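# Observations on the model geometry
Take a look at the letters that make up each chain.
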Amino acid sequence: MAGMIDKVKGMFGNGDKLNNIVFIVFDSCRWDAYKAAHTPNLDRIGLAEQRYSYASWTSPSHYTFLMGMVPHCSPKGVFASNVYRDEFAQWSTRLNLPEVEFGKFVPQLSLPHFLKAAGYWTEGWVSLPVLNPMTSMSQHFDKYELAPSHNDISQIFDKLSFRDDKPSFFFINTGETHYPYILPGETADDLPHISGVHGVFKHLDDFLKNPSEFMEDKKNDEFFSPDQFKAFYDKQVVCVEHLDRVVGKFLERCPKNTYFMVMSDHGELFGEDGYFGHGPIFHEKVFEVFFLEGRRP
Ligand SMILES: [Zn+2]
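Please read these numbers as outputs of a predicted model, since none were measured by experiment.

Turning our eyes to something else, we now look at the nonpolar core. Among the nonpolar cores identified, the biggest contains 56 residues, and Phe23, Tyr34, Ile172, Val240 and Phe290 are the most heavily contacted of them. In terms of residues, this core owes the most to one element, helix 10 (residues 226-251), which gives 7 residues. What phenylalanine 23 contacts, discounting residues up to four positions off in sequence, is Phe65, Phe170, Phe171, Ile172 and Met261.

Below, the discussion takes up the sheet that holds strand 5 (residues 168-174). Ordered by their spatial adjacency, 7 strands build an open sheet running 2-9-6-1-5-3-4, and the pairing between neighbours is mixed. Lying at the two open borders of the sheet, with one neighbouring strand each, are strand 2 (49-52) and strand 4 (143-146). This sheet shows a mean twist of 15° between the axes of neighbouring strands, independent of strand direction.

Turning next to helix 9 (residues 197-209). Taking 1.5 Å per residue as the helical rise, helix 9 with its 13 residues ought to reach 18 Å, and the 19 Å between its terminal C-alpha atoms agrees with that figure. For helix 9, the principal kink sits at histidine 203 and spans about 45°. Little of helix 9 is tucked away: 0 of the 13 residues are buried.

Assignment of secondary structure puts histidine 266 in the loop between strand 6 (258-264) and strand 7 (269-270). The exposure class assigned to histidine 266 is buried, which follows from the 28 C-beta atoms found within 10 Å. C-alpha of histidine 266 to C-alpha of alanine 55: the two residues are 211 residues apart in sequence and 6.8 Å apart in space.

Attention now moves to helix 4 (residues 58-65). Because the α-helix completes a turn every 3.6 residues, residues three or four places apart line up on one side. Looking only at helix 4, the buried set comprises Thr58, Ser61, His62 and Phe65. Angular distribution of buried residues about the axis of helix 4 spans 95°; they occupy a single face of the element. Tucked into the core, helix 4 has its buried residues touching strand 1 (20-26) and strand 5.

Moving on, we get to unusual backbone geometry. At the junction of valine 106 and proline 107, the peptide bond is cis and its omega measures out at 5° in the coordinates. Along the chain, proline 107 turns up in the loop between helix 6 (91-95) and helix 7 (111-117). Along the chain, tyrosine 179 connects to proline 180 via a cis peptide bond; the corresponding omega equals 5°. Inspection of the secondary structure assignment puts proline 180 in the loop between strand 5 and helix 9. Phi at asparagine 96 takes a positive value of approximately 65°, unusual for a residue other than glycine. Take asparagine 96: it is sitting in the loop between helix 6 and helix 7. Owing to 17 C-beta atoms within 10 Å, asparagine 96 belongs among the partly exposed residues under this scheme.

Of all 7 residues in strand 5, 7 are buried; the element is thus mostly enclosed. Residue alternation in strand 5 divides its side chains into two sets, Ser168, Phe170, Ile172 and Thr174 and Phe169, Phe171 and Asn173, and both sets are buried. Strand direction decides the pairing type here: strand 1 and strand 5, joined by 6 bridges, are parallel. Looking at the pairing, phenylalanine 23 lines up with phenylalanine 171 of strand 5. When strand 3 (residues 121-126) meets strand 5, the two strands line up parallel, connected through 6 bridges. Among the inter-strand pairings, tryptophan 125 is bridged to a residue of strand 5, identified as isoleucine 172.

Cut-offs used in this document
Residues numbered from 1 in each chain as written. Predicted model: local features only at pLDDT ≥ 70, side-chain atom pairs only at ≥ 80, totals over all residues. Core = buried A, V, L, I, M, F, W, Y, C linked by C-beta atoms within 7 Å. Buried ≥ 20, exposed ≤ 12 C-beta atoms within 10 Å, placed from the backbone. Helix = DSSP H or I, 4+ residues; strand = E, 2+ residues; numbered from the N terminus. Contact = placed C-beta atoms within 7 Å. Pairing = 2+ DSSP bridges. Axes fitted to C-alpha atoms, helices over the stretch in contact; angles between N-to-C directions. Expected span 1.5 Å × (residues − 1). Bend = angle between axes of the 7 residues up to and from the residue. Arc of directions from axis to C-beta.

What follows is the structure in structure tokens.
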């Protein structure tokens, strides 16, 4: 690692700086919802591609991100190893480090561990409780916190500060695009509360002790109407457009050598083939995601 650190110092010395990395995950954002949204700010960073998630729900998907992987293109007629190799090689451009020592990724297989060893400040902010700091996700970060709100990326941006002494890696998960698809300040009292894995564990002991008390939840198993599904989809598009504006504002205060990676962790089903949501669902709409990357415009 000493060689890489010398290299890093050398690059800072001649002004050819390593890039800051801002990695943003729009939780549950469908590919087609992203595509339908007007995203002039994100378009300036890079045009979104349709890609595929390695997983159908939040935790395993973020685990792959923290291994340095991003949504794949599902190419045919190639060995998986070649796809991984070509994808990992992109980190050289992302970091602005021509001679990345990829061998240093093993044995941890951890992007934050690798970047910290390369001289980066590593900071994570997550909005979904299933990724909270007590889980293994926080391992290897200098700082890793649960965001103050599950659906307000601007509050996360307010807490980020770029450093003069080292490049930063900011890993952000934001929930505006997650059910119930609400913007900061909005409420969704008319919609049923639907727990993710974190919430189910939290209430499982009480449920098993006295299932009848949870009969109220039965009502929540009544499925949404086609109109409600359409409204969810339309609202997810609105949430993407909101995120575009907030990212656009954040761009103004990012140093020039800031590289963005923006994507979804999985899609969402809005009634297709009888499904709602994501997780224990095998359907193409849950694996279709958007992906874009590029230097600060
Ligand atoms: Zn998710």
